[in-house]
Amino acid sequence: MGTWCLKAARAGLASLTFAMAPAVAQAQQPYPPQQPYPPQQPYPAQQPYPPPAQPAPPYPPLPPQPVPVQPQPAAPYPQPPPGYVQQPMVMPYAPPPVLQPAMPPPSRYRSSNEMAFLFGVGIAYGVGSGVWIDSVGRITDPGIAFIPPLALGAAVPIGLYLWDQNAEFDRGVPASISTGAILGGLEGVAISGLQWQLTGNGGPSSWSLPVWTTLTFLTATGGAIGGGAFGEWFQPDPRSLGFIASGAGWGALTGILFGSGVVDGDWKDGAAIWGFTGYNAGIIATGIVSTFYVPSWQTIKYMWVGDVLGTLATTPVYLFYIGSNADPRHGLIANAVGGLAGIGLAAALTANMTDGPGTASWTPPFQLAVSPPAVGSGAQVTAYGQW
């Protein structure tokens, strides 16, 4: 049975193969060649459509009108609730501000150095006043004669201290009082010396010791009062006071040299007259200049150097008097003029010089100190300054 079925399947497959053979052979024949298509003609270009006609506006357009802006009232800032404390906004990345130390303004009151200068001059003024009392009272007993100078020498600085404690001195006033008292006292001595020279060097017309001391006491007192008024009005710098005191010295030295050379008679009379005149002229001139110009200590120092160098630079003038009949004392006139020229030249070259920090404080240019000597009895006086 199985063998018959296999044979039948083989016979059916063979018959199917013979039936499909013509169709397969026909399908394997090549296709005939195709004819190419004719070339395609391009489309004609299209004409653009005419723009549509714009209708005419029935009326001309109006220009644009600005739109008015009505100001809006500012909205009120909301107030914090009661008890709220607003903290300042601090940026975390911002660097802390660098605070520069502000220079304190100069004090309108005196300094300790200025008062020390006044106390020293006050002691000298008190001792001198005691000497004046002894001369006027003609006290010759040493034990009694020492009482007024010692008492007043202590009373004057104590009185100045109490005065300052009650109403503190303004800036520049103590130094002005001290400078005025010194210059006033020297004025009295100069007047007495001039009168003594012009009256025959102690002749019958010369003043006595009580008159000399009285005059010196009055001029010193007047100088202290005038210096106090000058200090209250201008409140001068200590360099201005040093400049005025230096002017008195320059004037006196120049006057002595000039007077000694210009007078043909007794040269001492000329020196006394012109020295006294130059002393006062120097005070007045430097006092006026100090109201609008304050020189430095360096400028004042070089002005003194200029005075000395100018005087020395004119000394070769005496060589021309060799073999001449002219009075060689006239060469002192050249020395006086040379000193003035040196002062003026030094002032012009150093007018803009400044002092170092701290040197412009209220420190007097000269200071005196009285102390007991190391050996023996008596007293030792020490003078020092910025020279």
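Residues numbered from 1 in each chain as written. Predicted model: local features only at pLDDT ≥ 70, side-chain atom pairs only at ≥ 80, totals over all residues. Heavy atoms only, no water.

1. Quick word on the overall build of the protein chain
Argument step 1. Broken down by element type, the protein chain carries ten helices and two strands.
Argument step 2. Of the regular secondary structure in the protein chain, the N- to C-terminal order runs α-α-α-α-α-α-α-α-α-α-β-β.
Argument step 3. Counting only residues that meet the buried cut, the protein chain has 27% of its 387 residues in that class.
Argument step 4. Residue pairs at least 24 apart in sequence account for 73% of intrachain contacts in the protein chain once pairs closer than 6 positions are excluded. (Helix = DSSP H or I, 4+ residues; strand = E, 2+ residues; numbered from the N terminus. Buried < 20%, exposed > 50% of the residue type's maximum accessible area, 1.4 Å probe, protein only. Contact = heavy atoms within 4.5 Å.)

2. A look at the pattern of salt bridges
Argument step 1. Applying the stated criterion to the full structure yields five salt bridges.
Argument step 2. Across the pair aspartate 355 and arginine 239 runs a salt bridge, and its minimum N-O distance is 3.3 Å. Linking aspartate 355 in the loop between α10 (331–349) and β1 (366–371) with arginine 239 in helix α7 (residues 238–262), this pair joins segments that are 116 residues apart in sequence. An identical accessibility class is assigned to aspartate 355 and arginine 239; each is buried.
Argument step 3. The salt bridge involving aspartate 266 is made with lysine 268; its shortest N-O contact spans 3.2 Å.
Argument step 4. Residues joined in a network through salt bridges with shared partners are Arg171, Asp237, Arg239 and Asp355. (Salt bridge = Lys/Arg side-chain N within 4 Å of Asp/Glu carboxyl O.)

3. Some points on unusual backbone geometry
Trans is the prevailing form of peptide bonds, just as negative phi is the prevailing case for residues other than glycine.
Argument step 1. Positive phi values are uncommon outside glycine, yet arginine 138 reaches one of about 55°.
Argument step 2. You can see arginine 138 is positioned in the loop between α2 (112–137) and α3 (142–145).

4. Quick notes on the packing of α7 against helix α8 (residues 267–289)
Argument step 1. Across the interface, α7 lies against α8 with an axial gap of 6 Å and an inter-helix angle of 150°. The angle between α7 and α8 places the two elements in the roughly antiparallel class. Seen along the crossing, α7 lies across α8 with a hand that is right-handed. Together, Phe243, Ile244, Gly247, Ala248, Gly251, Ala252, Gly255, Ile256, Phe258, Gly259, Ser260 and Val262 of α7 and Trp267, Gly270, Ala271, Trp274, Gly275, Gly278, Tyr279, Gly282, Ile283, Thr286, Gly287 and Val289 of α8 make up the contact between the two elements. (Axes fitted to C-alpha atoms, helices over the stretch in contact; angles between N-to-C directions. Parallel < 35°, antiparallel > 145°, perpendicular 65-115°, else oblique. Left-handed = near helix turned anticlockwise from the far one by under 90°.)

5. What about a nonpolar patch on the surface?
Argument step 1. On the surface, Tyr302, Val305, Val308, Leu309, Leu312 and Met353 cluster together to form a nonpolar patch covering roughly 510 Å² of accessible area.
Argument step 2. With respect to the helices and strands, the residue leucine 309 is situated in helix α9 (residues 297–313).
Argument step 3. According to the relative accessible area criterion, leucine 309 is exposed, its value standing at 52%. (Patch = residues over 30% accessible without salt bridge, like charges linked within 9 Å, V, L, I, M, F, W, Y side chains within 5 Å. Areas by Shrake-Rupley, 256 points an atom, 1.4 Å probe, with all protein chains shown as cover.)

6. Details of the nonpolar core
Argument step 1. Grouped together as the largest cluster of nonpolar side chains are nine residues: Met115, Leu118, Val121, Leu160, Phe169, Val173, Ile177, Ala181 and Ala224.
Argument step 2. Counting only elements with at least two residues in this core, the list comes to α2 and α5 (173–198).
Argument step 3. For valine 121, the contacting residues outside a window of four places in its chain are Ser178, Ala181 and Ile182.
Argument step 4. Counting seven residues, the second largest nonpolar core, distinct from the first, contains Phe243, Trp250, Trp297 and Ile343. (Core = buried A, V, L, I, M, F, W, Y, C linked by side-chain atoms within 4.5 Å.)

7. Side note on the packing of aromatic side chains
Argument step 1. Across all of its chains, the model carries nine aromatic pairs by this definition.
Argument step 2. Three or more aromatic residues joined by ring pairs make a cluster, and in this case those are Tyr125, Trp132 and Phe217.
Argument step 3. In this arrangement the basic side chain of lysine 301 is found over the ring face of tyrosine 302, its NZ or CZ atom lying 5.0 Å from the centre. (Phe/Tyr/Trp six-rings, centres within 6.5 Å; stacked < 30°, edge-to-face > 60°. Lys NZ or Arg CZ within 6 Å of the ring centre and 35° of its normal.)

8. A short note on the confidence of the model for the protein chain
Argument step 1. Mean pLDDT over the protein chain works out to 80, with 66% of the residues at or above the 70 mark.
Argument step 2. Within the model, pLDDT remains below 50 along residues 368–372, and this stretch shows twelve contacts once partners closer than five positions in the same chain are excluded. (pLDDT = per-residue confidence, 0-100.)

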